[in-house]
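Chain by chain, the residues:
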Amino acid sequence: MLKETRVALVGCGWAARNLHLPALRRAGGAQLVAAADPNERNLAGIESPQEFTDIERMLGTVECDAVIIASPPTAHLCAVEWALRAGRAVLLEKPPAATRAEAHRILEIAAASSLLCVPALNQRHHPELVRLKRRMKAGEFGDIEAVNVVWTSGSALSPRAWLRRREQGGGAMLDLGIHVTDLWRWLLDSEVEGIRATGRSEWIDDQTVAIHGRSASGTLVSAVLSLASTDRFDIEVIGKTGSARVFPYRRMKESYTGQWRAFESALAGGRWTGATLAEGVAALDSMLDAAMELPLAPRWDARPVEYPLSLVCSTTRDYDAIRTTVSYLRRQTIASKLELILVGPSEAALCGPAAETEAFGAVQRIGIGEVRSIAHANAAGVRAARGRLVVFTEDHCFPEPEWAEALVAAHEGPYAVVGPVMRNGNPDTLVSWCDFLIGYGPWMEPMAACSPDFLPGHNSCYKRDILLELGGRMEALLEAETVLHYELSANGIPLRVEPAARARHINYSRLSVWIPVQLLCGRLFGGSRAMAWSWKRKWFYAAASPLIPAVRLWRCAREMHKPGRSRALFWKMLPLLSFGLVLDGIGQMAGYLWGAGDSMRRLAFYEFNRADHVKLQERALWTSAS
């Protein structure tokens, strides 16, 4: 075996950081000498002696023995070709490619080379599965009647964009199904034929699929695979004289360590004990064949851009509920260039006096039936928008006249999202101030321009195409926009607070309303944030939840002690503010452990029609208080 294997890494995203590099460290005997990724933010998360944004340049200049290719599947073909041409052995993350043609081209290139080029189908190196195969081969279960697999995760909400589209190598069929198909063949020492599938594609392509087939020896094989659930992985083998069930997640790390040790041994001249590249490509072929009849997630083609900005204004009731917001929107300095999109139960309910909307460049009224949540309505507005930009408005947030013009100007920069500076619109009660500080403290006036990791939810302005690229995930991510903002920031897409865009926000001022809202907001945020997490990570964050109130209180104190803000007010708010943050922390703990539940639906009752949830004397803030 080589004294020290010099390794170069192509692709520094999730798989590299969480799977391959930890396996190298656990195995020992290998040294990472270089890493390449076109995304500099991904590179920043890797500790490597040499870093490159040009993959071909790295592979042509760095001295190494092997290359781990962990880039998105669409980049595999070029990376494999460059690596083999440079004389480097390759460990290739699955799927081997995004398409059948690219996979077979990789197979041709590898066949023409004498170098090791193998797929990272790590389950063959899992100690529990190796033991299961031995037991099956020894006849412990008799003739095998069936092999059943259930494998689920929450990856549908992962920020990995390629995972959403089948043509880019994503979805459960290609992300999990390739593993499962290879496992069937390996465990049974038999080819699997006639694989058929049914599936569900709502957020992403092939988010949940059920597949079944039969091995050449007659064993029935089946699997339920999902990227839209919680973490679960179990394999059941049923034989004539016995059965067994294995839970691979329990020792998953060891499968990656074992895979690397087997790869390193093969580099030194030993026999490769994992799947061959031909077997990996065959697994891809079988999944693509089975997926041919499956539906894809909805695609919404962007409508031609006709306006600089579309204003989305949603309600569960009728036009009267949003009349005040519309009155502030028509006062915008560029109102004649704006598209107003009203979303509600029916088009008829959204009709108001023609004179109140004639100032806008265009008006659309979209009826969607029952409005389940703000995100449900806002997503419908985005899909209909003809503006280059889309901004969400609320029935209780009233922008200044220069707001829209400032948002459009700020978006001339490279920003995905631009948010306004917020002002407390009903500042006469401590409840209102506590609600405002918890919800909008990081963006309250006075404030200078900056690029934070997240912006005000339900009040920020997006480049429309960025939202449309989310596909079926858009509605889920708009439920808790902070999660979406974190995702965009993590992908290196900047956000901006624009001080020239200002808005007055009307906050909950009744204690009986504010208390349940804090619990619901906390649970919705925790559940949305943790949807794609492992149970171990969920439990860790739940256990740390008692720290949330203290951390957030410190942040609130920091905001209120900035120049131009009232320190005296902070001390008056402190007892009630602390109570509200404890409620939020309890809600987040529940969200981490049990998901968002029905918090979205319940929160919609309070979020819409804010005039119903403030002090009676504050209803005069609306020109059409009910």
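Bear in mind that the values here come from a model prediction, so they are computed numbers and not experimental data.

K.L.:
Describe in detail the overall build of the chain, supporting the description with residues and values.
P.N.:
For the chain, the count of helices and strands is 22 helices and 20 strands. Its C-alpha atoms give the chain principal-axis dimensions of about 80 × 55 × 50 Å. A burial count over the chain gives 57% of its 626 residues as buried. Of the roughly 25200 Å² of accessible surface on the chain, 53% is carried by carbon and sulfur atoms. Of note, the chain has its 71 positive side-chain charges centred 5 Å away from the centre of its 67 negative side-chain charges.

K.L.:
Requested: an account of the pattern of salt bridges, with residues and values cited.
P.N.:
Two side chains with opposite charge may pair up if their charged atoms get near one another. As enumerated under the stated definition, the model contains 40 salt bridges in all. With its nearest N and O atoms 3.4 Å apart, the salt bridge here joins Arg-610 to Glu-607. Assessed through its relative accessible area of 1%, Arg-610 is described here as buried. The exposure class of Glu-607 is buried, given its relative accessible area of 11%. Taken together, the salt bridges that share partners define one network made up of Glu-56, Glu-81 and Arg-85.

K.L.:
Please give an account of the sheet that holds strand β9 (residues 208–215) that cites residues and values.
P.N.:
Pairing is mixed in the open sheet, where six strands are placed in the order β8-β9-β10-β7-β11-β12. Edge positions in the sheet fall to β8 (192–200) and β12 (243–246), since each has one partner strand and no second. Adjacent strand axes in the sheet meet at a mean angle of 10° when their direction is disregarded. Helix α6 (residues 127–137) rests against β7 (144–152), β11 (232–239) and β12 of the sheet, and its axis sits at about 170° to β12.

K.L.:
Any details on the pairing of β9? Residues and values, ideally.
P.N.:
Here β9 shows a buried face lined by Val-209, Ile-211, Gly-213 and Ser-215 and an unburied face lined by Thr-208, Ala-210, His-212 and Arg-214. Pairing geometry for β8 and β9, over seven bridges, is antiparallel. Counterpart to Thr-198 in the pairing with β9 is Ala-210. For β9 and strand β10 (residues 220–226), the ladder comprises seven bridges, and the chain directions are antiparallel.

K.L.:
So what about the packing of helix α18 (residues 511–529) against helix α22 (residues 599–607)? Which residues, and what values?
P.N.:
Contact geometry of α18 with α22 gives a least axis separation of 9 Å together with a crossing angle of 145°. Crossing geometry of α18 relative to α22 is assigned as left-handed. Residues Val-513, Pro-516, Val-517, Leu-520, Cys-521, Arg-523 and Leu-524 of α18 touch α22, and the partners they reach there are Ser-599, Met-600, Arg-602, Leu-603 and Tyr-606. Here the contact of α18 with α22 is composed, by residue class, of nine nonpolar, one polar and two charged.

K.L.:
So, a positive patch on the surface: which residues are in play, and what are the values?
P.N.:
A grouping of Arg-25, Arg-26, Lys-253, Arg-261 and Lys-536 is seen on the molecular surface, where their side chains present a positively charged patch. When residues of the positive patch are traced back to their parent elements, those giving at least two are α1 (14–27) and α9 (252–267). Inspection of the secondary structure assignment puts Lys-536 in helix α19 (residues 535–544). On the basis of relative accessible area, Lys-536 is assigned to the exposed category, the value being 66%.

Cut-offs and rules
- Residues numbered from 1 in each chain as written.
- Predicted model: local features only at pLDDT ≥ 70, side-chain atom pairs only at ≥ 80, totals over all residues.
- Heavy atoms only, no water.
- Helix = DSSP H or I, 4+ residues; strand = E, 2+ residues; numbered from the N terminus.
- Buried < 20%, exposed > 50% of the residue type's maximum accessible area, 1.4 Å probe, protein only.
- Areas by Shrake-Rupley, 256 points an atom, 1.4 Å probe, with all protein chains shown as cover.
- Lys, Arg positive; Asp, Glu negative; His and termini not counted.
- Charge placed at Lys NZ, Arg CZ, Asp CG, Glu CD.
- Salt bridge = Lys/Arg side-chain N within 4 Å of Asp/Glu carboxyl O.
- Pairing = 2+ DSSP bridges.
- Axes fitted to C-alpha atoms, helices over the stretch in contact; angles between N-to-C directions.
- Contact = heavy atoms within 4.5 Å.
- Left-handed = near helix turned anticlockwise from the far one by under 90°.
- Nonpolar A, V, L, I, M, F, W, Y, C, P; charged D, E, K, R; others polar.
- Patch = residues over 30% accessible without salt bridge, like charges linked within 9 Å, V, L, I, M, F, W, Y side chains within 5 Å.

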